Amino acid sequence: MQAKPAVVRYPEADSTNSLALELGRQGAPHGTVVVAARQTGGRGRAGRGFVSPPGGLYMSVILRPDLALGYLRLVTLAAGVACSVVLEKHGISPLLKWPNDLYCGRKKLGGILTETAPWSAAQAGVPFVVVGIGLNVNSLPADFPPPLPDLVTSLSEITHRRHDLDLLRREIVRQLDYLVSGLEHNTEALFSLWRQRDFLLGRNISWQDENGLVVHGTGAGLLPDGSYRLRTPEGLIHPILAGVLKVHPGRLTG
Ligand code: BTN
């Protein structure tokens, strides 16, 4: 990463990912970060929103890695590992719900939304990637609208103290850059770090495909291409490439 990539700060933004996508289109360099103190239209995976009250860390990092499209999924995994590794130094041990929500206990601590500029097959690779990271840091569950107070947690709630958002941002960006730069040659090392933090492993889960078909089974770990394995009670394996995995009470194995 360049010596001093820009950090573009906003007291409030619709979505830092939307702003970063626009900056990326305008040619902003690798390592540029857009950060907002709160978001009014935070976006999550699968077209969902991401409620972003003050106190959270909301940032989008523009990366220009020399990567083929197939590696995009691994960038998302790297971002989850980067957040976990850094948060572990600040007193908590989040697990990663494929593809990249962060959970502490049964509550959501944050999420990651990786997006790229429209890509054409004529191009050799992805022009740039925006890695959007939202973490509940100094916010508290009561800052969220119902039913979220029962479903989310925050770094402050768990550690009973406030945390430096700038420090966390710098550490996560550094760790993300390190992991993404080693993606092609060090994929196994990344997978190993991810697997040590697999929230779904052995849990009772379900997955809904694009046609609405629901498949129930057990979380059975990451596959070598970065997709996730669901094992049905009959022993069939479904590789999950997209969509949303739901966790249900109880544990089928492990
Ligand atoms: C998810 O939970 O599905 C992913 C949430 C990603 C939220 C972050 S917050 C910073 C960036 N800006 C957005 O609009 N989304 C991401």
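Residues numbered from 1 in each chain as written. Predicted model: local features only at pLDDT ≥ 70, side-chain atom pairs only at ≥ 80, totals over all residues. Heavy atoms only, no water.

A. Here's a closer look at the overall build of the chain. Of regular secondary structure, the chain possesses five helices and 12 strands. Along the longest, intermediate and shortest principal axes, the C-alpha atoms of the chain span 55 × 50 × 35 Å. Buried positions account for 52% of the 254 residues belonging to the chain. Long-range pairs, those at least 24 residues apart, make up 64% of the contacts in the chain between residues at least 6 apart in sequence. As displayed, the chain offers around 11800 Å² of accessible surface, 55% of which is attributable to carbon and sulfur atoms. Counting 26 positive and 21 negative side-chain charges, the chain places the centres of these two groups 3 Å from one another. (Helix = DSSP H or I, 4+ residues; strand = E, 2+ residues; numbered from the N terminus. Buried < 20%, exposed > 50% of the residue type's maximum accessible area, 1.4 Å probe, protein only. Contact = heavy atoms within 4.5 Å. Areas by Shrake-Rupley, 256 points an atom, 1.4 Å probe, with all protein chains shown as cover. Lys, Arg positive; Asp, Glu negative; His and termini not counted. Charge placed at Lys NZ, Arg CZ, Asp CG, Glu CD.)

B. Looking closely at the domain arrangement of the chain. Domain assignment breaks the chain into domain 1 (7–195) and domain 2 (203–251). For domain 1 and domain 2, the distance between their C-alpha centres works out to 23 Å. Contact residues are listed per partner, giving 12 residues for domain 1 and 18 residues for domain 2. Together domain 1 and domain 2 conceal approximately 1300 Å² of surface at their shared face, both sides included; 57% is due to carbon and sulfur atoms. Considering only the surface of domain 1 that becomes buried against domain 2, Arg73, Trp98 and Arg106 emerge as the three largest contributors, covering 48% of it. (Domains from an automatic or database assignment. Buried area = accessible area lost by both parts, 1.4 Å probe.)

C. Looking closely at the site of the ligand. In the neighbourhood of the ligand, 19 residues make up the surrounding shell, with Ser15, Gln39, Arg43, Arg45 and Lys108 lying closest. One of the backbone nitrogen or oxygen atoms of arginine 45 is found 2.7 Å away from an oxygen atom of the ligand. In isolation the ligand has 410 Å² of accessible area, and contact with the protein removes 99% of it. Where the shell around the ligand is concerned, the elements lending two or more residues are helix 1 (16–25), strand 3 (57–63), strand 6 (107–116) and strand 7 (129–135). Here the shell around the ligand gets four residues from one element, more than from any other, and that element is strand 6. The residue makeup of the shell around the ligand, split by class, is five nonpolar, 10 polar and four charged. (Near = heavy atom within 4 Å. Polar contact = N/O pair within 3.5 Å; in protein donor to acceptor, adjacent residues only side chain to side chain. Nonpolar A, V, L, I, M, F, W, Y, C, P; charged D, E, K, R; others polar.)

D. Spatial organisation of the state of the cysteines. All told, the structure shown has zero disulfides when counted by the stated rule. The thiol sulfur of cysteine 83 is not disulfide-bonded, and the nearest other cysteine sulfur, from cysteine 104, lies at 12 Å. Exposure remark for cysteine 83: the relative accessible area of 0% places this residue in the buried category. (Disulfide = S-S within 2.5 Å.)

E. Structural view of the sheet that holds strand 7. Across the sheet, seven strands lie side by side as 1-2-3-7-6-5-4; this open sheet has mixed pairing. Single-partner strands in this sheet number two, and they are strand 1 (7–10) and strand 4 (95–97). The mean angle between the axes of side-by-side strands here comes to 20°, regardless of whether they run parallel or antiparallel. Sheet contacts for helix 2 (residues 72–88): strand 3, strand 4, strand 5 (101–104), strand 6 and strand 7; angle to strand 6, the most-contacted strand, approximately 145°. Where helix 4 (residues 165–181) meets the sheet, its contacts fall on strand 1, strand 2 (33–36), strand 3 and strand 7, and the angle it forms with strand 3 comes to roughly 30°. (Pairing = 2+ DSSP bridges. Axes fitted to C-alpha atoms, helices over the stretch in contact; angles between N-to-C directions.)

F. Structural detail: helix 5 (residues 187–195). Residues of helix 5 that are buried: Thr187, Leu190, Phe191 and Trp194. Taken down its axis, helix 5 places every buried residue within 100° of arc, on the same side. Its buried side turned inward, helix 5 meets helix 2, strand 4, helix 4, strand 9 (214–222) and strand 10 (228–231). (Arc of directions from axis to C-beta.)

G. Molecular detail of the side chain of glutamine 39. As for its placement among the helices and strands, glutamine 39 is situated in the loop between strand 2 and strand 3. Only 2.8 Å separates the side chain of glutamine 39 from the backbone nitrogen of threonine 16, close enough to count as a polar contact. At a separation of 2.9 Å, a polar atom in the side chain of glutamine 39 contacts the side chain of serine 52. Setting aside its immediate chain neighbours within four residues, glutamine 39 contacts Ala13, Asp14, Ser15, Thr16, Phe50, Ser52 and Tyr58.

H. Looking closely at the pattern of salt bridges. In total, this model carries eight salt bridges according to the counting rule given. Between aspartate 166 and arginine 9 there is a salt bridge, with its nearest N and O atoms 3.2 Å apart. Of this pair, aspartate 166 sits in helix 4 while arginine 9 sits in strand 1, and the two are 157 residues apart along the sequence. A salt bridge links lysine 108 to aspartate 101; its shortest N-O distance comes to 3.2 Å. Each of Arg9, Asp166 and Arg169 takes part in one network of salt bridges that share partners. (Salt bridge = Lys/Arg side-chain N within 4 Å of Asp/Glu carboxyl O.)

I. Highlighting the environment of lysine 89. By the secondary structure assignment, lysine 89 is in the loop between helix 2 and strand 4. Separated by 73 residues in sequence, lysine 89 and threonine 16 place their C-alpha atoms 26 Å apart.

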